[in-house]
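Here are the chains, one letter per residue:
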Amino acid sequence: MAETAPKTEAFEPRIVAFLCHWCTYTGADLAGTTRQQYPPNIRVVHLMCSGAVDVVYVLKALMDGADGVLIGGCHPGDCHYESGNYKARRRVAILRNILGQLGIPEDRIWLRWISASEGKKFAETVTEMTEAIRAMGPCEFKQHWDV
Amino acid sequence: MDEALNEQTGQGSDTALVVGGGLAGMQAALVLAEQGRRVVLVEARPALGGFFPLLDNQFPTQSCGVCFMACDTPTYCPFVQCELHPNVEVVTFAAVEGVERDAEGRFRVRLVERPTCVDPDACTDCGACEEVCPVSVPREFGDGLETRKAVFRYYPKAVGKAYVVDPDACTRCGKCVEACDPGAIDLDAEPREVVVEAGAVVLAPGADAFPASRREELGYGRYPNVLSAVRFERMLAAGSPSSGRPVRPSDGRPPRSIAFVQCVGSRDAEGGQGHCSSVCCMFALKQALFAKERLPEAEVTVYYMDLRTFGKGYEAYLRRAEAAGIRFVRAVPSVVREVPGSRDLLLQVAGEGPASAEVPHDLVVLSTGFCPGTAGQDLLRAFGAEPDASGFGGGPEFEPCATAVPGVYLAGAFREPRDIPESVLDGARAAALAAERLGAADAAEEPRLPAPADFRGEEPRVAVVLCECEGFNTDRADFDALDRAAREVPGVVAVERVAHACSRAGLEEVRNRFAAAEANRLVLGACSHRIVEQLVRGVLRRSGFHPGLVTVANLREACLEAGGGTRAAADAVAAAVREAWYAGFPELRSESLERTVLVVGGGAAGMEAALRLAGLGLSVHLVEKEPALGGNLATSRFTLRGGDPQALREDLAARVEAHPAVKVHLGTRVEAATGRLGAFRSVLQTPEGEVELLHGAVVLATGAREAEPRSYGYGQSPRIVTQKEFEALLAEGRVPEGRVVMIQCVESREEAEGCRPWCSRVCCTHALKNARRLLDLHPGAGITVLYRDLRAYGTYEAQYRDARDRGVVFVSYDLDRRPRVEPDGERVRVRYIDPALGQEVTEEADWVVLSVGMAPDAAENARLADLYGVEVDAHGFFREKNPKAALADATRPGVYLAGLCHGPKHIEESLVHAGAAAGRCAAVVGRGARPVSENVSYVVEKICSRCGVCVEVCPYGARSLDMDENVARVDPVLCRACGACTMACPNKAAQQYGSSPKQMLMALDELLG
Ligand code: FES
């Protein structure tokens, strides 16, 4: 900060993460307890299952100014509700389609399987995603909406 | 914990002690705990898990799924669940030091808990101690692939007392003590003695991994590129030094040619390891598949004697490995040499053919099996029982999991080498036996609490309580700023701070602050939902408030530990305030479950399930379609281990018929069924007419039969018989001296039309038992067994060896060169290729015995599956809920599986399966009630259009349509709160407490505000 100020304020992406209670949320906990540091750009929403992430929530997050949305669920075969993660996968596929039509690059939405013991993977995913979204620049959806 | 333990020790016979915290032990503990018994779970290592944490992925699922071993899902993984369960006390790093058994058969067990030297409550897991520790020793977890310090985490994902000081490695330099900020380390900590009084004991100490260095000639320990299976498994784990990529330890480069050497430390009687370890073939296949997947260029070869993929679905896995290009060579490398310089390896391979050659590979994995381990043997002896001849725990064939000492039960790989599914089943059965020993438990008593205040209809007033976490949180966020930010969130009437919310005093403090603020919603900004949500909800509920008033904001794990800082924490609090504002209040109740169980099928499994259920205090109706009980036992005359199935049949039938809690319906069939867990209604067609039955659960035990052969001349000569027919002839002494040829895998393990693609698991042992019986009758009999892979797994290997020693000739054949059988009058000519000679051999046999394997009654199973809403697999066996962790559960709650209808099994294995089904069933319906989830789904009736989509998507059958009122309905017992319906409903009429659309959308506004 003591150095010369950048010309424009550096872009800090905002990412909302919808995490399933049994796996990814617990994995995120583990990332915390094992002191895996990851960028502070993420805001976690706790849900029972990745299959309970509504397309509307994702769109709402983008409308509210999120630059990326991460959906985290149990690995295939491991969903604690049998098939919620498969439902999430189908829903995300549709969602990406919709986003494409709205002119939002579909890779602003990440779906990742992260188990309760994969704290490291969670931290890495957040880090990687933050960098990827940073490179993409701000999501313009909010501005469109505000107009 | 001390407090709780002392409470326990006073409780006498109500407590069960489980020694061994691997999967079998954890399963036993959870099944007991879910049945309402207090459990002390003791583990010798510093953390729970046994072998399991080593496994990055499991065959055949290639995933984890161990959470399915909970009796009632969803729940956390068993590691966490054991720590969290109110009925389970976990004592790690502790050993049994003394056992006394009183006159009534109760146990007084002295445990010594070794000091970890790190206070788990003070330790913040920062890792500073590990950094400064100057000691470096090989890490036992992963068989020394990595090194560790003297202060270390036992394994990376360990739950519980994470950091431990190894007293043997520690030099007492004191650097860690200095580095530890919270002062958690005390190198002079003393061991602690704990006395447990228990009415029953389950021993599940696990087996040891065979030390590969004992097979010196294979180069382990001398050549870096020779790995043990355990070391290679660790290498394949995502968190390994090579991040899961197979590499050569000598130079770190990926191998081009990997060799797996099977049966290292198994099937080696001279080496003192006469047993087959049962798991290594599948283990190697899994590792080979992962190696191939990660290094597609590499050549992968498996050197084996027999491929023993005998479990359910394992044959398909073998074909998958073949399809992936893994090479299988039937040959046993006897010596491994290293090429100086390149450090490549040369394997001296003595095959079945005459030639012996040296084959180069650049990485060798030794498929090391199990050895019984002296720790397990000593433990067993401490309780007054003896290991069997193999050195494993063993025990009576038809009373699996029992020992010679009443009240002491055995489970898992120490009982006999076994894989995860069998270990988990063992754990559940041992728990059922232990619970029965403790005496029948009553249905759970609901504590009567006043109707909770939920302030419905009042304007929300939110109190925010922030937890400082004893300085942890305050060090990482500006709490004054957080406080100010929280006050600005609309609806917040008070912001308070507590020092440590999750202690008992802290929780009371939280409740007091909430009450004093005269608020009607509470946001607790503390740690994870997982840790604190149930605690704070419980305190509020007991104080007369509705638990739905509480919303947790995860500040510690999700924000501060990860470096999110004040800003992230403030957003999380604001979002939680919004969620609390729009919270709804589910009706708090639990639904009653009928404590009666219907068992379908009166064979060994059905009778055993009925007896175990009755022993656990449930009423049982046992239905058998035939006029007599017994199933396959009726035609079983003897077993390979010397058991008498007829005596077993008579004993089980007599006990079932005499038991006051078991009603037997012979000549009866289930005609119709409706309902769900806790309330099934089945119509039985009995000889006396229709009977309608209300029951809480059903155990399907419909069995399977020996299939009828259609090849090898069966039916063309009375001298061509099946193993079962031959068994009857032998039992009746009707086999004269002569030559016998047995053909294994008849129409089994083949995809062709009319064949059974699965391995029937028991045919090899049946062939062995018949061969040995024939030799008992006629010591000079000539017997040839033509086989593809001889699958005498576990300690059956001893009988296989015995048969060979007694002159039985075993000759392998390939599918493309199968034996040919020509009936010829009183004799049968058999032609086959002898691989040792490379020539065709002709034998004139007096008998040809066909091992045909087992087939289920697919049509009947499909009919029952339909009635009870469960699934059958492609072969007509019932499908289990999870192939590793829940084999005794069908695919729908309240429906359990026992015995052959789920897949081929030996009699003793069917008994284990049945006991496991009973234990797990009793853990759910035995309680008589099931609490309704706080996140249960509901219907906003105004906007429900009764379209039925929610009914379709609900994985639990919890939704139905009410045709009279024109709305959808939720059965709160069945709803597991997954939210599938809420997503599917086109009108948003299906909603869920805790995450309604309002709550979610408003929370998002705050998070991104
Ligand atoms: S519970 Fe994790 S994805 Fe369904």
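Residues numbered from 1 in each chain as written. Chains lettered and ligands numbered in written order. Predicted model: local features only at pLDDT ≥ 70, side-chain atom pairs only at ≥ 80, totals over all residues. Heavy atoms only, no water.

### Notes on the overall build of chain A
Secondary structure summary: chain A contains five helices and four strands in total. Starting at the N terminus and walking to the C terminus, you meet the elements of chain A as β-α-β-α-β-α-β-α-α. Counting the 147 residues in chain A, one finds 57% classified as buried. Considering only contacts in chain A between residues 6 or more positions apart, those separated by 24 or more positions represent 81%. Counting only carbon and sulfur atoms, one obtains 57% of the accessible surface of chain A, whose full area is about 6,300 Å². (Helix = DSSP H or I, 4+ residues; strand = E, 2+ residues; numbered from the N terminus. Buried < 20%, exposed > 50% of the residue type's maximum accessible area, 1.4 Å probe, protein only. Contact = heavy atoms within 4.5 Å. Areas by Shrake-Rupley, 256 points an atom, 1.4 Å probe, with all protein chains shown as cover.)

### A look at the side chain of R756 of chain B
Residue and element names in this part refer to chain B. Here R756 is to be found in the loop between strand 36 (739-743) and helix 20 (763-777). Of the residues examined, R756 reaches a relative accessible area of 7% and is grouped as buried. Among all residues touching R756, those that are not within four sequence positions of it are A707, V746, E747, S748, R749, E750, V852, G853, M854 and A855.

### Details of the packing of aromatic side chains
As enumerated under the stated definition, the model contains 20 aromatic pairs over all chains in all. Ring geometry for Y38 of chain A versus F122 of chain A: centroids 5.4 Å apart, planes at 80°, classification edge-to-face. Of this pair, Y38 of chain A sits in the loop between helix 1 (24-33) and strand 2 (42-47) while F122 of chain A sits in helix 4 (residues 119-136), and the two are 84 residues apart along the sequence. Considering the side-chain rings of Y938 of chain B and Y993 of chain B, the 4.3 Å spacing of their centres and the 35° angle between planes classify their relative orientation as tilted. Residue Y938 of chain B is found in strand 46 (residues 937-939), and its partner Y993 of chain B is found in the loop between strand 49 (990-992) and helix 26 (997-1007); the two are separated by 55 residues along the sequence. Grouped by ring-pair contacts, the aromatic residues F310, Y793 and Y796 of chain B constitute a single cluster. Just above the ring of F152 of chain B sits the side chain of R148 of chain B; from NZ or CZ to the centre is 3.8 Å. Directly above the aromatic system of F638 of chain B lies the positively charged group of R773 of chain B, at a separation of 4.0 Å from the ring centroid. (Phe/Tyr/Trp six-rings, centres within 6.5 Å; stacked < 30°, edge-to-face > 60°. Lys NZ or Arg CZ within 6 Å of the ring centre and 35° of its normal.)

### Let's talk about the confidence of the model for chain A
A residue-level look at chain A finds 89% of positions with pLDDT of 70 or above and a mean pLDDT of 87. Counted against residues more than four places away or in other chains, residues 1-7 of chain A, with its pLDDT under 50, gives zero contacts. (pLDDT = per-residue confidence, 0-100.)

### Some thoughts on helix 13 (residues 504-516) of chain B
Residue and element names in this part refer to chain B. Helix length check: helix 13, at 13 residues, gives a terminal C-alpha distance of 18 Å against a target of 18 Å (1.5 Å per residue), a fit within 8%. For helix 13, the elements touching its buried residues are strand 22 (462-467), strand 23 (492-498), strand 24 (521-526) and helix 14 (529-542). In the segment just after helix 13, E518 is the residue with positive phi, at about 50°. (Expected span 1.5 Å × (residues − 1).)

### Some points on helix 14 of chain B
For helix 14 of chain B, built from 14 residues, the straight-helix expectation of 20 Å at 1.5 Å per residue is met to within 8% by its first-to-last C-alpha distance of 19 Å. Counting buried residues along helix 14 of chain B, 10 of its 14 residues qualify, which places the element largely inside the surrounding structure. The complete set of buried residues in helix 14 of chain B reads H529, R530, V532, E533, V536, R537, G538, V539, L540 and R541 of chain B. Where helix 14 of chain B is buried, its residues contact helix 1 and strand 2 of chain A together with helix 3 (78-84), helix 13, strand 24 and strand 25 (550-554) of chain B. N-cap assignment for helix 14 of chain B: the residue whose side-chain oxygen lies 3.0 Å from the backbone N of R530 of chain B is S528 of chain B. (Polar contact = N/O pair within 3.5 Å; in protein donor to acceptor, adjacent residues only side chain to side chain.)

### Here we look at the sheet that holds strand 4 (residues 109-113) of chain A
All names here are of chain A. Strand order in the open sheet made by the four strands is 2-1-3-4, with parallel pairing throughout. Both edges of this open sheet fall to strand 2 and strand 4, since each of them pairs with a single strand only. Taken over all neighbouring pairs, the strand axes of this sheet differ in orientation by 20° on average, direction set aside. Across five bridges, the pairing between strand 3 (residues 68-73) and strand 4 is parallel. Each residue of the ladder has a partner; that of G72, found in strand 4, is R112. Packed on one face of the sheet, helix 1 meets strand 1 (15-20), strand 2 and strand 3 and runs near 115° to strand 1. Sitting on the sheet, helix 4 is in contact with strand 1, strand 2, strand 3 and strand 4, with an inclination near 160° to strand 3. (Pairing = 2+ DSSP bridges. Axes fitted to C-alpha atoms, helices over the stretch in contact; angles between N-to-C directions.)

### Things to note about the environment of C469 of chain B
Residue and element names in this part refer to chain B. Along the chain, the position of C469 falls in the loop between strand 22 and helix 11 (472-476). Judged by its relative accessible area of 14%, C469 falls in the buried class. In this structure, C469 is in contact with A499 and R556, ignoring residues within four places of it in sequence.

### A short note on empty space enclosed by the protein
Residue and element names in this part refer to chain B. Counted under the stated rule, the structure contains 12 cavities of 30 Å³ or more. Approximately 160 Å³ is the volume found for the largest cavity. Taken together, 19 residues form the lining of the largest cavity, with D72, T73, K881, R892 and P893 sitting closest to its centre. Per-class residue counts for the lining of the largest cavity are nine nonpolar, three polar and seven charged. (1 Å grid on protein atoms, 1.4 Å probe; cavity = no way out; pocket = protein on both sides within 12 Å on 5 of 7 lines; lining within 4 Å. Points joined across faces, edges and corners; volume = space filled by probe spheres on them. Nonpolar A, V, L, I, M, F, W, Y, C, P; charged D, E, K, R; others polar.)

### Quick notes on the pairing of strand 42 (residues 847-850) of chain B
All names here are of chain B. Here strand 42 shows a buried face lined by W847 and V849 and a second buried face lined by V848 and L850. As judged from the three bridges shared by strand 35 (residues 720-722) and strand 42, these two strands associate in the parallel manner. Of the residues in strand 42, the one forming a bridge with V721 is V849. Examined bridge by bridge, strand 36 and strand 42 share four bridges and lie parallel to one another. Bridge assignment links M742 to a residue of strand 42, and that residue is V849.

### What about the nonpolar core?
Residues and elements named next belong to chain B. If you look at the biggest cluster of nonpolar residues, it comprises 117 residues, and the most contacted ones within it are L41, V597, L613, L622 and V699. Of the residues forming this core, the biggest block, 12 residues, is contributed by helix 23 (residues 907-925). In contact with L41, not counting residues within four places along its chain, are V18, G20, G21, G25, M26, A29, L48, C82, V88, E89, V90 and V91. Ranked by size, the runner-up nonpolar core spans 32 residues in total, among them V721, C759, A771 and L790. (Core = buried A, V, L, I, M, F, W, Y, C linked by side-chain atoms within 4.5 Å.)

### Describing the interface of chain A and chain B
Contact with chain A, which involves 45 residues of that partner, is made by 52 residues of chain B. Summed over both sides, the interface of chain A with chain B buries roughly 4,200 Å², with 57% coming from carbon and sulfur. Linking chain A to chain B there are four salt bridges. A salt bridge links K60 of chain A to D1005 of chain B; its shortest N-O distance comes to 2.7 Å. For the interface between chain A and chain B, the tally reads 16 residue pairs in polar contact (both at pLDDT 80 or more). (Buried area = accessible area lost by both parts, 1.4 Å probe. Salt bridge = Lys/Arg side-chain N within 4 Å of Asp/Glu carboxyl O.)

### Re the pairing of strand 31 (residues 679-686) of chain B
Residue and element names in this part refer to chain B. In terms of strand pairing, strand 30 (residues 669-676) meets strand 31 through seven bridges, oriented antiparallel. Each residue of the ladder has a partner; that of R669, found in strand 31, is Q685. In sequence, strand 30 turns back onto strand 31 through a hairpin of two residues, with G678 there showing a positive phi of about 90°. With seven bridges joining them, strand 31 and strand 32 (residues 689-695) adopt antiparallel strand pairing. In the strand pairing of strand 32, F680 is matched with H695. What sits between the antiparallel neighbours strand 31 and strand 32 is a turn of two residues.

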